[in-house]
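# Geometric and topological summary
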Amino acid sequence: MVDASWTKERVEDHNHAEDVMVRVEQGVLRGEQKVTVTGDTVYYSFKGIPYAAPPTGRWRFMAPRPPLSWTGIRNATKHGNVCPQIDGLQNMLFVPGSEDCLFLNVYSPCLDPESPLAVMVYIHGGGYAFGSGNDDHYGPDFLMNSKNVILVTINYRLDTLGFLCLDIKEVPGNTGMKDQVAALRWIQANIKNFGGDPKKVTLVGESGGAASCFLHAVSPMSRGLFHRIIAMSSGPLNEFNTEFEQTRRAYVLGNNLGFKTTNPKALLRYLQTVPVRQLLNTNVSVIAAENYMHFLVKGYYLVPVVEKDLGQERFLVEPIECSVKKGLHKADTFIGYTSYEGLFSISFIENGKIVENYKRFPEVLVPRNIFYESTPLMHMIHADLIKKFYTGSRLKALNTVQQFVNYFTDIFTYPIFRYARRLSNFNRNDNIYMYQFASVSNRNVLSQEGIRYGLDGVAHTEDLYYLFHPNALNLPIDENSSNLIKQFIALLTNFAVFGNPTPDSSFGVTWPKYTTESEKYVVIGQNLTIAAHPSPITINFYEYLFHLAGLKF
């Protein structure tokens, strides 16, 4: 059993900058010893480790190549470059980074343990368009205090750099996902040198990172590279994961940049010469409605795709629904969501534009995975049903902050419930657990926006503040938040180590497995509470919408 409490002894007078060496396949790394922010634990930090060759120049948009070796000792005390991006959570700030961005970070509580430690690999979210694995948001301190897992965080290519699809062998799509695979392969080959067990690897992801985890579970490229999944606040059926006319979008991008061609290789050669800033956050809409869908909720449009067989190694060979029905998703699964996901959207709702767009064109309320498969008449039927569900009348537009927060909460959570139900129906491995994260403390800074509107709960991304120490944010740790952090860390590391969040009686709760029949889950609040049948009214409503659209999965 993983101890749910940390040692009370604080590390004093320790030289936390002491160098430490580890050899990997490519050469020798110099890391450092550090002390956790709570002062409880010494751990080993290795940052900016290249897991693939630089994807620059003629290698832009192409699958990652094996990492290059080095001579001498490589400094691993600073993060590597982040991928160029437009940060959707920082007022669309351009982060230049570098296209040479395929780096990972390894944090270990012990380099020579008595027995190899379980490994947790965190895949960051950001809609495949922004983010990184760096410790400005994903500091390892809380996990290191547990002393029983190694944490690896990764960068991967984003936006057009990572998800351009030209339907040619050189660029068939999914480059960013293949970057993730390259990182997992590097971990298999090297993690033992950091004290880790390559046979006990758990993928952890939030939002777009959670969707990535599920795609790895059915990808032939990822087979054997991990064993468990912790998926936070998303799934593969969420709207931002919806593929539609991906190759057409590449030509729209070319046209927007002034290069008109019907030759995909000519388009590739041109796009490889374009300054990277012009490839980010571009308008590659292929239907008018996409110009009115709010991107942070409905999602960006450059996403993972089912690849055509062009002789390459394919990340996805069929829609995930087909793979799940075949029982190919075999990883132990811990899936969860926050109690009021949509609270994160308040600042976007308040700017007014999103409200006006959805009033003027209510068809954009329709989930994208229904929208693309339906006729205009069906769009309006669905839009009327959605308006009635949230306002009481099909003639009323969504107009209040509460209505929009409820709507955004449901379009985040329903696809999670939908996927969990289908996974339970078709999965040959029945080791599925579900949680609702409802822990509240002074670390819940996003959901405080809801207080002005009488809305109470935990917003999208706020569970991350109990898993990681975000160095870029000045979040306090008092006795209440400390206890909640310890509880959440213990549950997640238990799952990574044992495949069960409560493997013994120390929490006073035996976590039930999730099944379609029982739909049992656990609410993670001040204590753990067993519940069943999450959001039944919402689930029944959206199940009806998908049935009406003829989408039967």
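Now for a look at the structure at hand. (Residues numbered from 1 in each chain as written. Predicted model: local features only at pLDDT ≥ 70, side-chain atom pairs only at ≥ 80, totals over all residues. Heavy atoms only, no water.)

## Section: the nonpolar core
The test is simple: Nonpolar cores are built from buried Ala, Val, Leu, Ile, Met, Phe, Trp, Tyr and Cys residues. Side-chain atoms within 4.5 Å join them into one set. Think of it in three bands: residues with accessible area under 20% of the maximum for their type are buried, residues over 50% are exposed, and the middle band is partly exposed, with areas taken using a 1.4 Å probe on protein chains only. Contacts: residue pairs with any heavy atoms within 4.5 Å of one another.
Membership of the largest hydrophobic core comes to 127 residues, with the highest contact counts inside it found for Phe 46, Leu 104, Val 106, Val 152, Phe 194 and Tyr 407. Setting aside chain neighbours within four positions, we find Leu 104 in contact with Phe 46, Lys 47, Gly 48, Ile 49, Tyr 51, Val 152, Thr 153, Ile 154, Ala 183, Trp 186 and Ile 187. Grouped together as the second largest cluster of nonpolar side chains are 41 residues, Met 144, Ile 485, Ala 490 and Val 509 included.

## Digging into the pattern of salt bridges
Just so we agree on the cut-off: Take a side-chain nitrogen of Lys or Arg and a carboxyl oxygen of Asp or Glu: if they are within 4 Å of each other, that pair is a salt bridge. The helix and strand labels rest on DSSP assignments: H or I over at least four residues marks a helix, E over at least two residues marks a strand, and numbering proceeds from the N terminus.
Applying the stated criterion across every chain yields a total of 21 salt bridges. A salt bridge links Asp 19 to Arg 30, with the nearest nitrogen and oxygen atoms 3.5 Å apart. With a gap of eleven residues between them, Asp 19 in strand β1 (residues 19-24) and Arg 30 in strand β2 (residues 27-35) connect regions that are remote in the sequence. Accessibility expressed as a relative area gives 45% for Asp 19, which makes it partly exposed. A residue is classified by how much of its surface remains accessible, and Arg 30, at 25% relative accessible area, is partly exposed. Linking Glu 245 and Arg 248 is a salt bridge whose minimum nitrogen-to-oxygen distance equals 3.0 Å. Among the residues examined, Glu 245 registers a relative accessible area of 35% and is labelled partly exposed. In the salt-bridge network here, residues are joined through shared partners; they are Arg 421, Arg 422, Glu 519 and Glu 543.

## Points about helix α15 (residues 536-548)
In an α-helix, one turn spans 3.6 residues, which is why side chains three or four residues apart end up on the same side. Convention followed: Between the first and last residue of a helix there are one fewer steps than residues, each counted as 1.5 Å, and that sum is the expected span.
Here α15 spans 18 Å end to end across 13 residues, near enough to the 18 Å set by a 1.5 Å rise per residue. Buried residues of α15: Thr 538, Ile 539, Phe 541, Tyr 542, Glu 543, Leu 545 and Phe 546, and no others. Residues of α15 that are buried make contact with α11 (368-371), α12 (376-391) and α13 (401-426). Gly 550, located one to two residues past α15, shows a positive phi value of around 80°.

## Focus on the pairing of strand β13 (residues 432-437)
Counted only if it meets this: Strand pairing follows a simple DSSP-based rule, namely that at least 2 bridges must link the two strands.
For β13, the buried fraction is high: six of the six residues fall into the buried class. Of the two faces of β13, the one holding Ile 432, Met 434 and Gln 436 and the one holding Tyr 433, Tyr 435 and Phe 437 are both buried throughout. In this structure, strand β12 (residues 332-338) lies alongside β13, joined through six bridges in parallel fashion. Within β13, the residue paired with Ile 335 across the bridge is Met 434. Bridge count for β13 against strand β14 (residues 520-524) is three bridges, and the pairing is parallel. Across the sheet, residue Gln 436 finds its bridge partner in β14, namely Val 523.

## A word on the side chain of Arg 228
Spelled out, the test is: Two N or O atoms count as a polar contact when they lie within 3.5 Å, although within protein this holds only if one can serve as hydrogen donor and the other as acceptor, and sequence-adjacent residues are included solely when both atoms are side-chain atoms.
Considering the arrangement of structural elements, one finds Arg 228 in strand β11 (residues 228-232). A polar atom in the side chain of Arg 228 sits 3.4 Å from the backbone oxygen of Val 497. Setting aside residues no more than four positions away along its own chain, Arg 228 makes contact with Lys 200, Val 201, Thr 202, Leu 203, Ala 331, Asp 332, Phe 495, Ala 496, Val 497, Phe 498 and Gly 499.

## Focus: the environment of Ser 374
If you trace the backbone, Ser 374 turns up in the loop between α11 and α12. Put simply, Ser 374 and Leu 548 are 174 residues apart on the chain and 10.0 Å apart in space, counted from C-alpha to C-alpha. Excluding residues within four positions of it along the chain, Ser 374 makes contact with His 379 and Ala 549. One polar contact links the side chain of Ser 374 to the main-chain carbonyl oxygen of Ile 370, over a distance of 2.7 Å.

## So, the pairing of β12
For β12, the buried fraction is high: seven of the seven residues fall into the buried class. Residues Asp 332, Phe 334, Gly 336 and Thr 338 point to one face of β12 and Thr 333, Ile 335 and Tyr 337 to the other, with burial holding for every one of them. As judged from the five bridges shared by β11 and β12, these two strands associate in the parallel manner. Paired with Arg 228 across the strands is Asp 332, a residue of β12.

## Overview of the environment of Lys 199
Mapping Lys 199 onto the fold places it in strand β10 (residues 196-206). A relative accessible area of 71% means that Lys 199 is categorised as exposed. Sequence separation between Lys 199 and Leu 117 is 82 residues, and the spatial gap between their C-alpha atoms is 9.8 Å.

## Some details on unusual backbone geometry
Phi at Lys 147 is positive, roughly 65°, even though this residue is not glycine. With respect to the helices and strands, the residue Lys 147 is situated in the loop between α1 (141-146) and β9 (149-154). For Lys 147, a relative accessible area of 43% puts it in the partly exposed group. The phi angle at Asp 167 is positive, at roughly 55°, despite the residue not being glycine. Along the chain, Asp 167 falls in the loop between α2 (159-163) and α3 (175-190). The exposure class assigned to Asp 167 is partly exposed, which follows from its relative accessible area of 25%.

By themselves these figures say nothing about function.
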